[in-house]
Amino acid sequence: MSIIALVIQSIISPVLAYYLRIWRLFIIVTVLHPIAYFRVPLLVFLPGQLIYVGIYACLIVRNILSIIDYPILLVLIKQASPSDSIMGKINGLAASAGAASRALAPPIAGLLYSSRARIGCVVGE
């Protein structure tokens with residue numbers, strides 16, 4: 001997986017950024033990313049023999065969009081920086097915000113899931 005990410009970040013992402021420009025590519029990736037998530041519940045309507053193809057297609061699209069989005073965000077942060085002398089602080093703050101989000105997301109998702117389970121709003125029950 002990391003070799004695929006390396007190829008996407010080093011070859012595909014710069015080509016897309018060159019032709020679409022950074023901001024337009026960021027908008028496209030930001031709009032398409034939630035669509036990849038919202039298509040997952042619709043996979044139940046696929047015929048049985050295509051279900052795994054649909055699952056893998058959604059995962060591939062989501063992963064490619066995530067891989068493209070990360071360097072774009074770094075470039076946008078760099079462009080928004082008022083001075084190169086504070087880039088370390090800005091990158092540190094961005095990394096800390098990302099880490100905090102990744103740390104808080106699982107307990108919040110668990111809380112939401114358990115509250116839905118209590119009212120009987122969980123698939124399979």
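Residues numbered from 1 in each chain as written. Predicted model: local features only at pLDDT ≥ 70, side-chain atom pairs only at ≥ 80, totals over all residues. Heavy atoms only, no water.

An unreviewed UniProt entry annotates the chain as Major facilitator superfamily (MFS) profile domain-containing protein originating from Penicillium vulpinum.

**Comments concerning helix H1 (residues 2-20)**
One full turn of an α-helix is made of 3.6 residues, so residues set three or four places apart face in the same direction. Keep this limit in mind: At any given residue, the bend is defined as the angle formed between two axes, one fitted to the seven residues that end at that position and one fitted to the seven that begin there. What counts as a helix is a DSSP run of H or I of at least four residues, what counts as a strand is a run of E of at least two, and both are numbered from the N terminus. Three exposure classes are used, based on accessible area relative to the maximum for each residue type with a 1.4 Å probe and protein chains only: buried under 20%, partly exposed in between, and exposed over 50%. Residue contacts are counted whenever heavy atoms from the two residues lie within 4.5 Å of one another.
Considering bend angle alone, the principal kink of H1 is centred on Ile 8 and spans about 35°. Ala 5, Ile 8, Ser 13 and Ala 17 are the residues of H1 that are buried. Tucked inside the fold, the buried residues of H1 contact helix H2 (22-38) and helix H3 (51-80). Positioned one or two residues after H1, Arg 21 has a phi angle of 75°, which is positive.

**Looking at the pattern of salt bridges**
Here is the rule: A pair is scored as a salt bridge if a Lys or Arg side-chain nitrogen falls within 4 Å of a carboxyl oxygen belonging to Asp or Glu.
Summed over all chains, the structure comprises one salt bridge. Among the ionic pairs, Lys 78 bridges to Asp 84, the shortest N-O distance being 2.8 Å. With relative accessibility at 57%, the residue Asp 84 sits in the exposed group.

**Focus: the packing of aromatic side chains**
So the rule is basically this: Each Phe, Tyr or Trp ring, with Trp reduced to its six-membered ring, pairs with another whose centre is within 6.5 Å; inter-plane angles below 30 degrees give stacked pairs, above 60 give edge-to-face pairs, and intermediate values give tilted ones.
According to the stated counting rule, one finds two aromatic pairs in the structure shown. With a centroid separation of 5.1 Å and 80° between ring planes, the pair formed by Tyr 18 and Tyr 19 is classed as edge-to-face. Accessibility classification places Tyr 18 together with Tyr 19 in one group, the exposed group. With centroids separated by 5.5 Å and ring planes inclined at 35°, the aromatic side chains of Trp 23 and Phe 26 adopt a geometry described as tilted. Of this pair, Trp 23 and Phe 26 both sit in helix H2, three residues apart, roughly one helical turn. In this structure Phe 26 comes out as buried when scored by relative accessible area, which is 16%.

**Describing the nonpolar core**
The test is simple: What makes a nonpolar core is a set of buried Ala, Val, Leu, Ile, Met, Phe, Trp, Tyr and Cys residues whose side-chain atoms join them at distances within 4.5 Å.
Membership of the largest hydrophobic core is limited to 12 residues, which are Ala 5, Ile 8, Ala 17, Ile 22, Leu 25, Phe 26, Val 29, Leu 65, Ile 67, Ile 68, Ile 72 and Leu 76. The set of elements that each furnish at least two residues to this core consists of H1, H2 and H3. Here the element with the most residues in this core is H3; it accounts for five residues. Those residues within four positions of Ile 72 in sequence are excluded, and the remaining contacts are Ile 22, Leu 25 and Phe 26.

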